[in-house]
Amino acid sequence: MKTSADKESKMNLPKLVEMFGSDEKCRARLVKLRWPDGVTCPRCNCKSISTIAERAQYDCNECRYQFSATSGTIFHDSHLPLVKWFMAIFLMTESKKGISALQMKRTLGVAYQTAWHHCHRIRSAVRDANAELLRGIVDETYVGGKVRGMGRGYRGNKAIAIGAVQRGGKIRLQVIHHASKTVLHKFIADNTAPDTEAIYTDELPAYTGLADADTVHETVNHGKEEWVRGQVHTNGIESVWSLLKRSIIGAFHRVSMKHLDAYLDELEHRFNNRKNEFMFRDTLTKLVNAAKLPYRELTKAA
Ligand SMILES: [Zn+2]
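These numbers were taken from a predicted model, which means no experiment stands behind them.

Asks: Please clarify how the packing of helix H3 (residues 23-34) against helix H4 (residues 82-94) should be interpreted in this entry.
Replies: Each packed pair of helices is defined by two parameters, the angle between the axes and the distance between the axes. Between H3 and H4, the shortest axis-to-axis distance is 8 Å and the interhelical angle comes to 65°. Relative to H4, the element H3 lies roughly perpendicular. Counted together, Asp23, Cys26, Arg27, Arg29 and Leu30 of H3 and Leu82, Val83 and Phe86 of H4 form the full contact between these two elements. Partitioned by chemical class, the residues of the contact of H3 with H4 number five nonpolar, no polar and three charged.

As C-alpha coordinates, then:
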(Lines give C-alpha, C1' and ligand atoms only; values in the text may rest on other atoms or scores of the structure.)
Protein backbone atom coordinates (compact mmCIF):
# COMPACT_ATOMS: atom_id res chain seq x y z
CA MET A 1 0.00 0.00 0.00
CA LYS A 2 1.21 3.46 -0.79
CA THR A 3 1.81 5.74 2.14
CA SER A 4 1.03 9.41 1.93
CA ALA A 5 4.79 10.07 1.79
CA ASP A 6 5.07 7.99 -1.41
CA LYS A 7 2.38 10.10 -2.99
CA GLU A 8 4.64 13.10 -2.63
CA SER A 9 7.21 11.66 -5.01
CA LYS A 10 7.20 13.12 -8.53
CA MET A 11 4.78 15.84 -7.49
CA ASN A 12 2.46 17.08 -10.21
CA LEU A 13 -0.41 19.54 -10.36
CA PRO A 14 -3.34 17.10 -9.84
CA LYS A 15 -1.54 15.52 -6.88
CA LEU A 16 -0.77 18.92 -5.44
CA VAL A 17 -4.41 19.97 -5.59
CA GLU A 18 -5.56 16.66 -4.10
CA MET A 19 -3.02 16.59 -1.28
CA PHE A 20 -2.69 20.27 -0.47
CA GLY A 21 -5.94 21.85 -1.59
CA SER A 22 -6.83 23.29 1.79
CA ASP A 23 -5.17 25.29 4.52
CA GLU A 24 -5.65 22.39 6.99
CA LYS A 25 -3.87 19.92 4.72
CA CYS A 26 -0.95 22.30 4.10
CA ARG A 27 -0.66 23.10 7.79
CA ALA A 28 -0.71 19.42 8.78
CA ARG A 29 2.13 18.74 6.35
CA LEU A 30 4.21 21.63 7.69
CA VAL A 31 3.76 20.34 11.25
CA LYS A 32 5.18 16.94 10.26
CA LEU A 33 8.06 18.45 8.29
CA ARG A 34 8.96 20.93 11.00
CA TRP A 35 8.60 18.56 13.93
CA PRO A 36 9.06 14.99 12.66
CA ASP A 37 9.39 13.77 16.27
CA GLY A 38 6.33 15.59 17.59
CA VAL A 39 5.46 19.24 18.13
CA THR A 40 8.14 21.06 20.12
CA CYS A 41 8.00 24.52 21.65
CA PRO A 42 10.18 26.86 19.51
CA ARG A 43 10.98 28.90 22.59
CA CYS A 44 11.92 26.35 25.28
CA ASN A 45 12.10 23.06 23.31
CA CYS A 46 9.51 21.49 25.59
CA LYS A 47 7.51 18.61 24.10
CA SER A 48 4.55 18.90 26.44
CA ILE A 49 2.19 20.85 24.22
CA SER A 50 -1.56 21.47 24.24
CA THR A 51 -3.45 22.00 21.02
CA ILE A 52 -5.81 24.94 20.50
CA ALA A 53 -7.65 23.31 17.63
CA GLU A 54 -9.99 26.12 16.69
CA ARG A 55 -7.07 28.50 16.05
CA ALA A 56 -4.68 25.89 14.63
CA GLN A 57 -2.30 26.84 17.42
CA TYR A 58 -0.30 25.19 20.15
CA ASP A 59 0.24 26.16 23.74
CA CYS A 60 3.45 25.18 25.50
CA ASN A 61 2.72 23.60 28.88
CA GLU A 62 6.12 24.69 30.18
CA CYS A 63 6.51 28.34 29.15
CA ARG A 64 2.95 29.00 27.94
CA TYR A 65 4.20 30.29 24.59
CA GLN A 66 1.46 30.09 21.99
CA PHE A 67 2.59 29.27 18.49
CA SER A 68 1.52 27.70 15.21
CA ALA A 69 3.15 25.50 12.58
CA THR A 70 4.35 28.61 10.79
CA SER A 71 5.50 30.75 13.77
CA GLY A 72 9.03 32.00 13.19
CA THR A 73 9.15 30.57 9.65
CA ILE A 74 9.09 32.37 6.31
CA PHE A 75 5.40 31.41 6.02
CA HIS A 76 4.61 33.57 9.00
CA ASP A 77 3.42 37.17 8.67
CA SER A 78 2.50 36.49 5.09
CA HIS A 79 -0.95 37.23 3.76
CA LEU A 80 -0.55 34.55 1.14
CA PRO A 81 -2.69 31.54 2.04
CA LEU A 82 -0.68 28.33 2.54
CA VAL A 83 -2.38 26.74 -0.47
CA LYS A 84 -0.87 29.47 -2.69
CA TRP A 85 2.50 29.16 -0.98
CA PHE A 86 2.51 25.44 -1.80
CA MET A 87 1.53 26.22 -5.41
CA ALA A 88 4.30 28.80 -5.69
CA ILE A 89 6.86 26.33 -4.38
CA PHE A 90 5.63 23.67 -6.76
CA LEU A 91 5.79 26.03 -9.74
CA MET A 92 9.31 27.15 -8.88
CA THR A 93 10.70 23.66 -8.35
CA GLU A 94 8.81 22.17 -11.26
CA SER A 95 9.73 24.55 -14.06
CA LYS A 96 13.14 23.66 -15.38
CA LYS A 97 13.99 27.21 -16.39
CA GLY A 98 12.37 28.87 -13.41
CA ILE A 99 9.29 31.02 -13.31
CA SER A 100 9.15 34.79 -13.37
CA ALA A 101 7.31 36.84 -10.76
CA LEU A 102 5.08 38.08 -13.58
CA GLN A 103 4.08 34.55 -14.54
CA MET A 104 3.60 33.69 -10.87
CA LYS A 105 1.34 36.71 -10.48
CA ARG A 106 -0.88 35.56 -13.34
CA THR A 107 -0.90 31.88 -12.41
CA LEU A 108 -1.69 32.41 -8.74
CA GLY A 109 -3.86 35.48 -9.16
CA VAL A 110 -1.85 37.58 -6.72
CA ALA A 111 -0.36 41.07 -6.88
CA TYR A 112 3.00 41.38 -8.66
CA GLN A 113 4.71 42.61 -5.52
CA THR A 114 3.42 39.59 -3.60
CA ALA A 115 4.61 37.19 -6.28
CA TRP A 116 8.02 38.87 -6.44
CA HIS A 117 8.48 38.85 -2.70
CA HIS A 118 7.47 35.22 -2.31
CA CYS A 119 9.68 34.07 -5.18
CA HIS A 120 12.60 35.70 -3.40
CA ARG A 121 11.70 34.20 -0.05
CA ILE A 122 11.67 30.77 -1.64
CA ARG A 123 15.03 31.41 -3.32
CA SER A 124 16.62 32.57 -0.10
CA ALA A 125 15.44 29.44 1.67
CA VAL A 126 16.75 26.95 -0.88
CA ARG A 127 20.26 28.33 -0.72
CA ASP A 128 22.58 25.47 0.13
CA ALA A 129 25.09 27.06 2.46
CA ASN A 130 26.67 23.81 3.61
CA ALA A 131 26.78 21.89 0.37
CA GLU A 132 29.31 19.12 0.17
CA LEU A 133 32.46 19.69 -1.84
CA LEU A 134 32.65 18.58 -5.46
CA ARG A 135 35.13 15.81 -6.23
CA GLY A 136 36.08 13.37 -8.97
CA ILE A 137 36.17 15.17 -12.29
CA VAL A 138 35.05 18.79 -12.08
CA ASP A 139 34.65 21.27 -14.90
CA GLU A 140 34.62 24.94 -14.23
CA THR A 141 34.07 28.12 -16.25
CA TYR A 142 32.46 31.48 -15.80
CA VAL A 143 30.17 33.67 -17.85
CA GLY A 144 29.51 37.38 -18.00
CA GLY A 145 31.84 40.27 -17.42
CA LYS A 146 34.06 41.43 -20.21
CA VAL A 147 35.53 38.14 -21.30
CA ARG A 148 32.56 36.18 -22.56
CA GLY A 149 29.27 38.05 -22.77
CA MET A 150 25.86 36.68 -21.98
CA GLY A 151 24.34 38.22 -25.09
CA ARG A 152 23.69 41.74 -26.12
CA GLY A 153 21.59 42.57 -23.08
CA TYR A 154 24.54 41.93 -20.85
CA ARG A 155 27.00 44.33 -22.46
CA GLY A 156 28.58 46.54 -19.91
CA ASN A 157 27.41 44.35 -17.12
CA LYS A 158 30.28 43.43 -14.92
CA ALA A 159 28.64 40.73 -12.81
CA ILE A 160 30.10 37.34 -13.51
CA ALA A 161 28.60 33.98 -12.70
CA ILE A 162 31.16 31.33 -11.90
CA GLY A 163 30.30 27.68 -11.62
CA ALA A 164 31.70 24.20 -11.29
CA VAL A 165 30.06 20.86 -11.91
CA GLN A 166 31.08 17.42 -10.79
CA ARG A 167 30.67 14.99 -13.71
CA GLY A 168 27.27 13.36 -13.22
CA GLY A 169 26.90 15.20 -9.94
CA LYS A 170 26.13 18.54 -8.43
CA ILE A 171 26.89 22.12 -9.35
CA ARG A 172 28.07 25.07 -7.32
CA LEU A 173 27.37 28.57 -8.62
CA GLN A 174 28.33 31.99 -7.36
CA VAL A 175 28.51 35.63 -8.42
CA ILE A 176 31.96 37.19 -8.58
CA HIS A 177 32.84 40.73 -9.51
CA HIS A 178 36.07 40.15 -11.33
CA ALA A 179 37.74 37.03 -12.63
CA SER A 180 41.20 37.42 -11.19
CA LYS A 181 43.45 34.48 -10.48
CA THR A 182 42.88 34.93 -6.73
CA VAL A 183 39.09 34.89 -7.10
CA LEU A 184 39.03 31.89 -9.46
CA HIS A 185 41.40 29.89 -7.29
CA LYS A 186 39.45 30.73 -4.15
CA PHE A 187 36.19 29.59 -5.76
CA ILE A 188 37.78 26.28 -6.69
CA ALA A 189 39.37 25.85 -3.26
CA ASP A 190 36.04 26.60 -1.54
CA ASN A 191 34.00 24.25 -3.66
CA THR A 192 36.13 21.25 -4.56
CA ALA A 193 37.63 18.57 -2.35
CA PRO A 194 41.44 18.71 -2.01
CA ASP A 195 41.71 15.24 -3.60
CA THR A 196 39.60 16.12 -6.67
CA GLU A 197 40.90 13.88 -9.42
CA ALA A 198 40.84 16.42 -12.25
CA ILE A 199 39.74 19.98 -12.92
CA TYR A 200 38.99 20.99 -16.49
CA THR A 201 38.79 24.65 -17.39
CA ASP A 202 39.13 27.03 -20.27
CA GLU A 203 42.67 27.99 -21.19
CA LEU A 204 42.94 31.26 -19.33
CA PRO A 205 46.15 32.27 -17.60
CA ALA A 206 44.20 32.92 -14.38
CA TYR A 207 43.60 29.19 -14.06
CA THR A 208 47.25 28.21 -14.04
CA GLY A 209 48.55 26.58 -10.90
CA LEU A 210 45.42 24.61 -10.05
CA ALA A 211 47.16 21.25 -10.28
CA ASP A 212 48.81 19.64 -7.31
CA ALA A 213 50.03 16.17 -6.26
CA ASP A 214 46.55 14.59 -6.39
CA THR A 215 44.71 16.88 -8.79
CA VAL A 216 45.26 17.09 -12.53
CA HIS A 217 44.42 20.36 -14.27
CA GLU A 218 43.72 20.28 -18.00
CA THR A 219 42.33 22.90 -20.31
CA VAL A 220 40.51 23.26 -23.59
CA ASN A 221 41.18 26.34 -25.63
CA HIS A 222 37.79 27.88 -26.35
CA GLY A 223 39.49 30.87 -27.96
CA LYS A 224 40.84 28.50 -30.62
CA GLU A 225 37.53 26.68 -31.01
CA GLU A 226 38.74 23.70 -29.08
CA TRP A 227 35.83 22.37 -27.03
CA VAL A 228 36.56 18.71 -26.44
CA ARG A 229 39.81 16.80 -26.28
CA GLY A 230 39.07 13.23 -25.22
CA GLN A 231 37.75 13.42 -21.70
CA VAL A 232 38.75 17.02 -21.33
CA HIS A 233 35.88 19.45 -21.82
CA THR A 234 33.69 21.84 -19.87
CA ASN A 235 30.40 20.86 -21.50
CA GLY A 236 28.73 20.11 -18.16
CA ILE A 237 29.02 23.62 -16.84
CA GLU A 238 28.44 25.17 -20.28
CA SER A 239 25.04 23.45 -20.40
CA VAL A 240 24.23 25.02 -17.02
CA TRP A 241 25.10 28.44 -18.48
CA SER A 242 22.86 27.85 -21.45
CA LEU A 243 20.07 26.95 -19.00
CA LEU A 244 20.77 30.16 -17.09
CA LYS A 245 20.69 32.21 -20.28
CA ARG A 246 17.43 30.61 -21.36
CA SER A 247 15.92 31.26 -17.92
CA ILE A 248 16.96 34.86 -18.05
CA ILE A 249 15.58 35.33 -21.53
CA GLY A 250 12.54 33.07 -21.10
CA ALA A 251 11.48 33.56 -17.52
CA PHE A 252 13.21 36.43 -15.87
CA HIS A 253 13.68 38.78 -18.84
CA ARG A 254 16.03 41.07 -17.02
CA VAL A 255 17.77 39.89 -13.93
CA SER A 256 18.75 42.68 -11.66
CA MET A 257 22.41 42.17 -10.81
CA LYS A 258 21.54 42.63 -7.18
CA HIS A 259 19.53 39.43 -7.35
CA LEU A 260 21.69 37.33 -9.66
CA ASP A 261 23.08 35.43 -6.67
CA ALA A 262 19.53 34.49 -5.65
CA TYR A 263 18.74 33.23 -9.15
CA LEU A 264 21.93 31.19 -9.11
CA ASP A 265 20.89 29.66 -5.77
CA GLU A 266 17.56 28.71 -7.29
CA LEU A 267 19.16 27.22 -10.40
CA GLU A 268 21.67 25.34 -8.24
CA HIS A 269 18.87 23.92 -6.07
CA ARG A 270 16.83 22.77 -9.06
CA PHE A 271 19.83 21.32 -10.88
CA ASN A 272 21.18 19.51 -7.82
CA ASN A 273 17.77 17.99 -7.17
CA ARG A 274 17.09 17.06 -10.79
CA LYS A 275 17.09 13.35 -9.95
CA ASN A 276 15.35 13.79 -6.60
CA GLU A 277 11.77 12.51 -6.80
CA PHE A 278 11.05 14.31 -3.55
CA MET A 279 12.26 17.74 -4.59
CA PHE A 280 8.92 19.34 -3.69
CA ARG A 281 8.84 17.83 -0.19
CA ASP A 282 12.52 18.54 0.42
CA THR A 283 12.06 22.15 -0.68
CA LEU A 284 9.11 22.52 1.70
CA THR A 285 11.25 21.11 4.50
CA LYS A 286 13.95 23.66 3.79
CA LEU A 287 11.43 26.47 3.78
CA VAL A 288 9.75 25.57 7.04
CA ASN A 289 13.14 25.33 8.72
CA ALA A 290 14.75 28.38 7.10
CA ALA A 291 15.25 31.73 8.77
CA LYS A 292 12.89 34.49 7.72
CA LEU A 293 14.08 37.00 5.16
CA PRO A 294 12.78 40.45 6.05
CA TYR A 295 11.47 42.58 3.21
CA ARG A 296 14.08 45.26 3.86
CA GLU A 297 16.84 42.67 3.35
CA LEU A 298 15.44 41.93 -0.08
CA THR A 299 15.06 45.48 -1.19
CA LYS A 300 18.14 47.12 0.30
CA ALA A 301 20.79 48.24 -2.12
CA ALA A 302 23.43 45.69 -3.01
ZN1 LIG B 1 7.85 26.54 25.76
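Asks: I'm lost on the environment of Gly236 in this one. Help?
Replies: Following the sequence through the fold, Gly236 ends up in helix H8 (residues 235-252). Judged by relative accessible area, which is 24%, Gly236 ranks as partly exposed. Residues Gly236 and Gly169, 67 residues apart in the sequence, show an inter-C-alpha distance of 9.8 Å. Leaving out residues up to four positions away in the same chain, Gly236 has contacts with Asp139 and Val165.

Asks: Would you take a moment to explain the coordination of the zinc ion for this structure?
Replies: Geometrically, a metal with four donors at the corners of a regular tetrahedron has ideal angles of 109.5 degrees, and one with six donors at the corners of a regular octahedron has ideal angles of 90 or 180 degrees. The zinc ion binds to the protein through Cys41 (SG), Cys44 (SG), Cys60 (SG) and Cys63 (SG), with metal-donor distances spanning 2.3 Å. For the zinc ion, the four donor atoms are set out with angles of 103 to 115° between them, so the coordination reads as tetrahedral. Sequence spacing among the residues donating to the zinc ion works out to C-x2-C-x15-C-x2-C. In this pair, Cys44 is assigned in the loop between H3 and strand E1 (49-52) and Cys60 in strand E2 (residues 57-60), connecting sequence segments 16 residues apart. We classify Cys44 as partly exposed; its relative accessible area is 32%. Note on Cys60: relative accessible area 0%, which makes it buried.

Thresholds, definitions, all that
- Residues numbered from 1 in each chain as written.
- Predicted model: local features only at pLDDT ≥ 70, side-chain atom pairs only at ≥ 80, totals over all residues.
- Heavy atoms only, no water.
- Axes fitted to C-alpha atoms, helices over the stretch in contact; angles between N-to-C directions.
- Helix = DSSP H or I, 4+ residues; strand = E, 2+ residues; numbered from the N terminus.
- Parallel < 35°, antiparallel > 145°, perpendicular 65-115°, else oblique.
- Contact = heavy atoms within 4.5 Å.
- Nonpolar A, V, L, I, M, F, W, Y, C, P; charged D, E, K, R; others polar.
- Buried < 20%, exposed > 50% of the residue type's maximum accessible area, 1.4 Å probe, protein only.
- Donors = N, O, S within 2.8 Å, 3.2 Å for Na, K, Ca; no water.
- Tetrahedral: all angles 85-135°; square planar, octahedral: opposite > 155°, others 65-115°.

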